[in-house]
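Results of the structural survey
Below, each chain spelled out in residue letters.
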Amino acid sequence: MGDDTWKDLFPGAFSQAFFFPSFNVRDLHTVDNGILEHLYPTMDSGEWDALIAHFLGVDHCGHKHGPHHPEMAKKLSQMDQVIQGVVERLENDTLLVVIGDHGMTKSGDHGGDSELEISAALFLYSPTALFRRAPPEEPEVVPQINLVPTLALLLGLPIPFGNIGEVMTELFSEVEDFQPHSSALAQASALHLNAQQVSRFLHTYSAAAQDLQVEELHRLHNLFSKASADYQQLLQSPQRAEAALQTVIAELQQFLRGVRAMCIDSWARFSLVRMAGGAALLAAGCFLCLLISQWATSPDFYLCPLLLVSMAWGLAGVAVCVGLLATTELKLDPVVLGAMAAVGSLLHFLWKAWPSWGSKRPLAALLPTPGPVLFLLLIRFAAFFSDSFVVAEARATRFLLCSLILLLLAQLHWEGKLLPPKLLTVPRLGFSSPAGPIPQHNGMHVLGLGVGLLLCIRLAGLFHRCPEETPACHSSPWLSPLASMVGGRAKNLWYGACVGALVALSAAVRLWLHHYGNLKSPEPPVLFVRWGLPLMVLGTAAYWALASGADEAPPRLQALVAGASVVLPRAVAALAASGLLLLLWRPVTVLAKATMGAPRTRTVLTPFSGPPTSQADLDYVVPQIYRHMQEEFRGRLERTKCQGPLTLAACRLGNVYSAAMVTALTLLAFPLLLLHAERISLVFLLLFLQSFLLLHLLAAGIPISTPGPFTVPWQAVSAWALMASQTFYATGHQPVFPTIHWHAAFVGFPEGHGSSTWLPALLVGANTFASHLLYAVGCPLLLFWPFLCESQGSQKRRQPPGNEAEARVGPEEEEEPLMEMRLQNAPHHFSVALLQLGLKYLFVLGIQILACALAASILRRHLMVWKVFAPKFIFEAMGFIVSSVGLFLGLSLVMRVDGAVSSWSRQLVLAQHR
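Residues numbered from 1 in each chain as written. Predicted model: local features only at pLDDT ≥ 70, side-chain atom pairs only at ≥ 80, totals over all residues. Heavy atoms only, no water.

Another aspect to go through is the overall build of the protein. Each helix and strand in the protein was counted, giving 28 helices and eight strands. Within the protein, the proportion of its 914 residues that are buried is 47%. In the form shown here, the protein has an accessible surface area of approximately 45300 Å², with 65% of it arising from carbon and sulfur atoms. (Helix = DSSP H or I, 4+ residues; strand = E, 2+ residues; numbered from the N terminus. Buried < 20%, exposed > 50% of the residue type's maximum accessible area, 1.4 Å probe, protein only. Areas by Shrake-Rupley, 256 points an atom, 1.4 Å probe, with all protein chains shown as cover.)

Counting residues in hydrophobic clusters, the biggest one holds 128 residues, and the most contacted among them are Leu 697, Leu 782, Leu 783 and Tyr 841. Take this core: its biggest share by element is 14 residues, from helix H21 (residues 656–674). Leaving out residues up to four positions away in the same chain, Leu 783 has contacts with Phe 710, Val 712, Phe 830, Ala 833, Leu 834 and Leu 837. With 32 residues, the next largest nonpolar core counts Val 198, Phe 201, Ala 227 and Leu 245 among its residues. (Core = buried A, V, L, I, M, F, W, Y, C linked by side-chain atoms within 4.5 Å. Contact = heavy atoms within 4.5 Å.)

Any covalent bond linking the sulfur atoms of two cysteines counts as a disulfide. The full count for this structure, using the stated rule, is one disulfide. Free of any disulfide, Cys 286 has its nearest neighbouring cysteine sulfur in Cys 289, separated by 6.6 Å. For Cys 286, a relative accessible area of 7% puts it in the buried group. (Disulfide = S-S within 2.5 Å.)

On to helix H6 (residues 147–154). Within H6 the residues assigned to the buried category are Pro 149, Thr 150, Leu 151, Ala 152 and Leu 153. Tucked into the core, H6 has its buried residues touching helix H7 (183–208). Immediately downstream of H6, the backbone of Gly 156 shows phi near 75 degrees, a positive value.

Before going further, it helps to spend a moment on the packing of aromatic side chains. Under the counting rule described, the total for this entry stands at 23 aromatic pairs. With 6.5 Å between their ring centres and 70 degrees between their planes, Phe 14 and Phe 19 make a pair best called edge-to-face. With a relative accessible area of 34%, Phe 14 lands in the partly exposed category. Look at Phe 692 and Trp 785: their rings are 6.1 Å apart centre to centre, the planes differ by 90 degrees, and that puts the pair in the edge-to-face class. In this pair, Phe 692 is assigned in helix H22 (residues 681–700) and Trp 785 in helix H26 (residues 781–788), connecting sequence segments 93 residues apart. Exposure remark for Trp 785: the relative accessible area of 3% places this residue in the buried category. Here the aromatic residues Trp 6, Phe 10, Phe 14 and Phe 19 are joined through ring pairs into a cluster of three or more. In this arrangement the basic side chain of Arg 586 is found over the ring face of Trp 585, its NZ or CZ atom lying 5.5 Å from the centre. One residue, Arg 679, lies across the ring of Trp 494, its end atom 4.9 Å from the ring centre. (Phe/Tyr/Trp six-rings, centres within 6.5 Å; stacked < 30°, edge-to-face > 60°. Lys NZ or Arg CZ within 6 Å of the ring centre and 35° of its normal.)

The pLDDT averaged across the protein works out to 79; a share of 77% of its residues lies at or above 70. Per-element mean pLDDT across the protein ranges from 40 in strand E7 (residues 795–796) up to 96 in helix H25 (residues 770–777). Here residues 594–609 is modelled with pLDDT under 50, and outside its nearest four sequence neighbours on either side it reaches 43 contacts, counting other chains as well. Under a pLDDT of 50 for its full length, residues 791–814 has, in the predicted model, 37 contacts with residues more than four places off or in other chains. (pLDDT = per-residue confidence, 0-100.)

Helix-helix packing: each pair is described by the crossing angle between the helix axes and the interaxial distance. For the pair helix H16 (residues 443–460) and H22, the least separation of the axes is 9 Å and the interaxial angle reads 150 degrees. Between H16 and H22, the crossing angle belongs to the class labelled roughly antiparallel. The crossing of H16 and H22 is left-handed. Within the contact between the two elements, H16 uses Val 446, Leu 449, Gly 450, Gly 452, Leu 453, Cys 456, Ile 457, Leu 459 and Ala 460 and H22 uses Leu 686, Leu 689, Gln 690, Leu 693, Leu 694, His 696, Leu 697 and Ala 700. Residues of the contact of H16 with H22, tallied by class, amount to 13 nonpolar, four polar and no charged. (Axes fitted to C-alpha atoms, helices over the stretch in contact; angles between N-to-C directions. Parallel < 35°, antiparallel > 145°, perpendicular 65-115°, else oblique. Left-handed = near helix turned anticlockwise from the far one by under 90°. Nonpolar A, V, L, I, M, F, W, Y, C, P; charged D, E, K, R; others polar.)

Glancing now at the environment of Leu 272. Checked against the element boundaries, Leu 272 lands in helix H10 (residues 272–295). Residue Leu 272 is classed as partly exposed on the basis of its relative accessible area, which comes to 48%. Between the C-alpha atoms of Leu 272 and Ile 858, which are 586 residues apart in sequence, the distance is 9.7 Å.

Relative to the helices and strands, Ser 691 is located in helix H22. Judged by its relative accessible area of 9%, Ser 691 is buried.

Looking now at the packing of H22 against helix H23 (residues 714–730). Remark: H22 packs on H23, axes separated minimally by 11 Å, with the N-to-C direction vectors making an angle of 170 degrees. When the axes of H22 and H23 are compared, the pair comes out roughly antiparallel. Of the residues in H23, those in contact with Val 683, Leu 687, Gln 690, Ser 691, Leu 694, Leu 695 and Leu 698 of H22 are Gln 715, Ala 716, Ala 719, Trp 720, Met 723, Gln 726, Thr 727 and Ala 730. Partitioned by chemical class, the residues of the contact of H22 with H23 number 10 nonpolar, five polar and no charged.

The next subject is the pattern of salt bridges. Counted by the stated rule, this structure contains 11 salt bridges. The partner of Glu 393 in a salt bridge is Arg 380, and the shortest N-O contact between them spans 3.2 Å. Placement of Glu 393 in helix H15 (residues 393–414) and of Arg 380 in helix H13 (residues 372–383) is noted, with a sequence separation of 13 residues between them. With respect to burial, Glu 393 and Arg 380 carry one shared label: buried. Its salt-bridge partner being Glu 876, residue Lys 872 comes within 3.0 Å of it at the nearest N-O pair. With Lys 872 and Glu 876 both in helix H28 (residues 865–913), this residue pair falls four residues apart, about one helical turn. Each of the two residues, Lys 872 as well as Glu 876, counts as buried. Salt bridges sharing common partners tie together Arg 380, Glu 393, Lys 872 and Glu 876. (Salt bridge = Lys/Arg side-chain N within 4 Å of Asp/Glu carboxyl O.)

Further remarks concern the side chain of Glu 393. Residue Glu 393 is classed as buried on the basis of its relative accessible area of 5%. Within the structure, Glu 393 has its side chain in polar contact with the side chain of Arg 380 (distance 3.2 Å). Apart from the residues lying within four places of it in its own chain, the contact partners of Glu 393 are Arg 380, Phe 384, Tyr 729 and Lys 872. (Polar contact = N/O pair within 3.5 Å; in protein donor to acceptor, adjacent residues only side chain to side chain.)

On the surface, Phe 737, Ile 874, Met 878, Ile 881, Val 885, Phe 888 and Leu 889 cluster together into a nonpolar patch covering about 670 Å² of accessible area. Within the secondary structure, Met 878 sits in helix H28. (Patch = residues over 30% accessible without salt bridge, like charges linked within 9 Å, V, L, I, M, F, W, Y side chains within 5 Å.)

This is the structure we're talking about:
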């Protein structure tokens, strides 16, 4: 009765069963009430031999509310009444076993190996005596029981076949019915039954698997045969000497402990060859990312031919190895074969690349610029080899991020960029600005950005979950859902703060789009931001209100609340998906404002017979193309019957890429926010705010002497990756399985998912790796933001000497800065910059997973390998996969926007030829 997991573990094992869905941790009563409906009638019927009632209300209450909530007191009182009712119905030959399958942490979770989690109660009761009472002069001793074999023998049942535990023999000297002659004989009998079962298991297992040591297996078999023969001889001997009994007991114990040691050694065996192959794969991938990211800006760089040939060599090597495996009896490990093929293809890549690149530059040029950034990367790489640093990674990440920000401020001061504002004579990012010099950031403004960013990181650190290895630490109470709060006033205040965070996030995005003129665009994505985003805020706020007060709703409204709990989150997710589809359909969000006025003469675009051959040609042609694109919009608006012709007053293309990215990130954030507890909305608001501050600070600190026209420095990429890790911890996660937020699987699906597993896994994964996804999708902003921070003040149009057509525009007419449209000047450099940025980000993430893999391999015999290093490796690997997918989606969106903008350029070229 109860937990339906028994049905999957032991199919068809029960003569009668009443199973109920157990995965919905928000449901406190369905399983318990279902058990109580059948428990007492079944007991009274007497038609049973063993009856199992697996209650889940206390477990679910711990996950949902924690151990100190009033609902927990109600469930515990209900369990007390259940035990009392069962005791009243017990027969004299019946044993009641009350046991917990695990304990509970202070936050109500379980799954780890802390003392609170592995300590579970065991209560045995029978109307008749089980043990003889100790004499008054002897102290009462409660035995420590090796539960499985001991309890099985006490109940007269066979020991479970797969158990290799050693029975607690001292207990059988206290059992009246199990003491035929002496305490020693009772112990020997219990051990012999135990050893017989283990011997049968060992024989069956060794026949099916070949991973046990043959010599040790033979020795243990001989030891059991001798001990069994001695035991049988003792039973036939009338003397039964105590010394001989002790010898038999020692032999049986030696056999049991030897089997356990052999199995542990076999089952904890590691493949060093596979570990080396996996490490080689990761290292080769990281080195390839580093090599291409540093080589991409070279004029002789041709990525596609090099990679395609290398992939062909690798696939050919794999095909040859597979053919050898299929046609011969060679025993080659497929993991090792894959590593060899990957490293072989890399060697071919290096061999082809060296004549054109390696012979001209030193090998040290591959590495990031030596300095504080490289030092911080090395510190982070080394920290993964220490269990203490992995446990304290939340604080270590914040420390490294704050250190990187302080170093960036110090660098700006050293370069003189925190001095009073003045105009720079050297353009940023290697560009020459045809519209004039770019003004330097105000020193106090940049300093304020740094201080604000440090403050945001500090505030985000208030939302933390303590690792179970630090018992003196206290997790933030703000990570729990509002439903776990006791007290209406405090709950209402927190609810208002959470809704305020939603409104602030939505308003900030709208203000940003309005500042750059995107919000007045008639494009569908902008219209969705204006009207659909408030609906998403309203739906999220309504869902939070229902989720935080569902248990307090009147009975007549329970059905309405249940229905709304299903509809509201699905509606918000559907709205977000619709907005993203609209953005992919029409990704260019521009402002095209038409006004009545006198007809204007179209700008004459001087034709060129070929591509521009000098920087002066670029400085002249590119602004003309940009203004020609503006006039193209005006031509669409002139098809009207108004009294005067329409002219174009504004056309904001300066943030065409970043507007699409910010809109996509906002739409993506709302479904992810729904999967978290309500108060995590404050963390999401801090996430957007500190990302905004970091982008502005990094834009102010972009080095002037970059190696290429569009190069994002290493400190920007490292800070972005560190901020993703910092937000992972700030949203209440830890790289251990007990801290996974399983409740996310039931957002929008309060009744569960039936037999489906992929959808709840997707929801839980989105909750766990939300920060990795958002920062990976937003990674291209590191490239766009310096252009976006170009002076927003209008500048007078400069007319090239001898261009009479430009004189017709008028001396007082102003033009907007090109900003991100400068990327259209050199599409090849733009593509290389995106490739370089993506590879740098993958390299920073790749060295993290490489460090985790090496740590788990080197420290495989460490006491904390399964507690710290292996879970960290798993979480880091999953985070890398999610980040890779998010980076691909972000770059795909940029390419979609670039394709839409490029189509306008092609139309202008055709118009020029006509």
